[in-house]
Amino acid sequence: MQIQLVRSATIRVSMAGVTLLIDPWLAAKGEGRSYSGDVRSPLVDLPMPVEAVVDGIDAVLVSHLHSDHFDAVAAKAIRPGTPVLAPARDVAGLRALGIADIVVVDGSAAVGSVEIVLTPGRHGPDDVLAAMGEVSGFLLRAPGEPSLYWVGDSILCDEVRDVIRSERPEGIVVHACGADWQGSGPLVMDAAMVLETLRLSPSATVVATHLDAVDHATVSRADLDRAAAAEVGEPQRRRLRIPADGEILAFPAGEDGT
């Protein structure tokens, strides 16, 4: 299995001969919206052309329709006939963006031999949930591949802990920028939650994304790296990966082929 961080929450996952694009936000630098009122996001350019982001993908996964997770640029770039998998709540919004080939993920779905299981989350503390709306994550499994839990736009909450404990994924992708909304937050994990995720999953590789790209973030890559250096031992710290935009991470299969 390989994971390539594109930018922010957008990643490409290749496993079992299938390539999935998750939550494509493909606007150019400064051509999205401002979430804090100070500057327009995204704060950085894509590390590759839009055409390269969508090249060779077998399907797109969409966790929710916030503007930094799926945008009009992505809707236009996705080639016709490419299935877009999403929760039922987002079908109308996707159709409004011109997406026709929608597969509703109601519990689980499959692309080739990759099983995709919808997982729950909470997009912040109780006082912002009505404004933030429902969000989802994805658990990806395939024969002969490590399992991957893409947590999505969620804080570390009971729902996320339950998935980690019951499924014991070998890879966990977390959104780690600790975003703030009008003085409330975090909307996604902050540094303390990422480090707790490491402790909850003593054999998993934790990949921290959604960093250094949105204007309402409170945690940077450098902040997270400093926190890990100060608060966790070296064996745990080695399991935390903080990739750069465009970086590819490889996850070899276990000795038993799983």
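Residues numbered from 1 in each chain as written. Predicted model: local features only at pLDDT ≥ 70, side-chain atom pairs only at ≥ 80, totals over all residues. Heavy atoms only, no water.

Considerations on the sheet that holds strand 9 (residues 136-141)
Read across the open sheet, the seven strands follow the order 7-8-9-10-11-12-13; overall the sheet is mixed. If you trace the sheet from one side to the other, it starts and ends with strand 7 (108-111) and strand 13 (240-241), each paired once. By the bridge criterion, six bridges tie strand 8 (residues 114-120) to strand 9 in an arrangement that is antiparallel. Bridge assignment links Glu 115 to a residue of strand 9, and that residue is Arg 141. (Pairing = 2+ DSSP bridges. Helix = DSSP H or I, 4+ residues; strand = E, 2+ residues; numbered from the N terminus.)

Considerations on the pattern of salt bridges
Under the counting rule described, the total for this entry stands at 13 salt bridges. With its nearest N and O atoms 4.0 Å apart, the salt bridge here joins Arg 89 to Glu 134. Placement of the pair is Arg 89 in the loop between strand 5 (84-86) and helix 3 (91-96) and Glu 134 in the loop between helix 4 (129-132) and strand 9, with a sequence separation of 45 residues. Judged by relative accessible area, Glu 134 falls into the exposed class, the value being 60%. The closest approach of N and O atoms between Arg 141 and Glu 115, which form a salt bridge, is 3.2 Å. Of this pair, Arg 141 sits in strand 9 while Glu 115 sits in strand 8, and the two are 26 residues apart along the sequence. Take Glu 115: its relative accessible area is 31%, and that puts it in the partly exposed class. Beyond isolated ion pairs, a larger network of salt bridges with shared partners links Arg 89, Asp 90 and Glu 134. (Salt bridge = Lys/Arg side-chain N within 4 Å of Asp/Glu carboxyl O. Buried < 20%, exposed > 50% of the residue type's maximum accessible area, 1.4 Å probe, protein only.)

Observations concerning helix 5 (residues 158-167)
Here helix 5 has its buried residues at Val 160, Arg 161, Val 163 and Ile 164. All buried residues of helix 5 project into a common sector of 160° when viewed along the axis, lining one side. Residues Arg 165 and Ser 166 are exposed on helix 5 and point more than 90 degrees away from its buried face. In this fold, the buried residues of helix 5 make contact with strand 8, strand 10 (148-150), strand 11 (171-175) and helix 6 (191-200). Directly after helix 5, the chain includes Arg 168, whose backbone phi takes a positive value near 50°. (Arc of directions from axis to C-beta. Contact = heavy atoms within 4.5 Å.)

Purely spatial values, then, with no claim about function.
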